[in-house]
Amino acid sequence: MLVLAALLVGIGAGAAFLLYNRATEIDRSTPTVAVHQFLRATFVDKNDDRVELFTCPQWTKERTVEVQGRFDPEVKVTWESVALQSQQERQAVVTARMRLVFQGFVDFEDWRFEVVEDNGWRVCEAGPA
């Protein structure tokens, strides 16, 4: 009985580890995936170090604060319609429709992202279109 319980705990721990690993995995495989990861790091995780994984070398923490500061901290930011608009070799433009929710009110803002391929795709510019 103890062996079975230990086995079940081990399986559960392994599954939890795999799920966590997939959720936090760095993926810059396409321009749109990089933008999704950037948005999550910026507006959900609010983790400057993680944002840095998805941005160009010239992107600064001050720039992250500026992007986050566009919205009141009470505003819940989500996004939809992330789409590749154009791509030429190592440069791409991605757009997304930002959904802003504050005290039951919903607003939308269209954003544009300039992305480059540099050991994976990275966001170099982000802001309202």
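This text gives an overview of the structure that appears in the document. (Residues numbered from 1 in each chain as written. Predicted model: local features only at pLDDT ≥ 70, side-chain atom pairs only at ≥ 80, totals over all residues. Heavy atoms only, no water.)

### As for the sheet that holds strand 4 (residues 121–128)
Part 1: The strand order across the open sheet built from 4 strands is 1-2-3-4, with neighbouring strands paired in antiparallel fashion. One side of each edge strand has no neighbouring strand; the edge strands of this open sheet are strand 1 (76–88) and strand 4. Sheet twist, expressed as the average angle between the axes of neighbouring strands with direction ignored, equals 25°.
Part 2: In this sheet, strand 3 (residues 105–117) lies alongside strand 2 (residues 91–102) in antiparallel orientation, the contact comprising 12 bridges. The partner of Thr95 across the bridge, within strand 3, is Arg112.
Part 3: Across the sheet, helix 2 (residues 31–44) is in contact with strand 1, strand 2, strand 3 and strand 4; its angle to strand 1 comes to roughly 155°. (Pairing = 2+ DSSP bridges. Helix = DSSP H or I, 4+ residues; strand = E, 2+ residues; numbered from the N terminus. Axes fitted to C-alpha atoms, helices over the stretch in contact; angles between N-to-C directions. Contact = heavy atoms within 4.5 Å.)

### Considering the packing of aromatic side chains
Part 1: Summed over all chains, the structure comprises 6 aromatic pairs.
Part 2: The interplanar angle of 85° and the centroid separation of 5.4 Å between the aromatic rings of Phe38 and Trp59 together place this pair among those described as edge-to-face. With Phe38 in helix 2 and Trp59 in the loop between helix 3 (48–52) and helix 4 (61–68), this residue pair connects regions lying 21 residues apart in the sequence. Neither Phe38 nor Trp59 differs from the other in exposure class; each is buried.
Part 3: Summarising the aromatic geometry, the rings of Phe43 and Trp111 are spaced 6.1 Å apart at their centres and angled 75° between planes, so their arrangement reads as edge-to-face. Here Trp111 lies in strand 3 and Phe43 lies in helix 2, a separation of 68 residues in the sequence. For the pair shown, Phe43 and Trp111 are each scored as buried. (Phe/Tyr/Trp six-rings, centres within 6.5 Å; stacked < 30°, edge-to-face > 60°. Buried < 20%, exposed > 50% of the residue type's maximum accessible area, 1.4 Å probe, protein only.)

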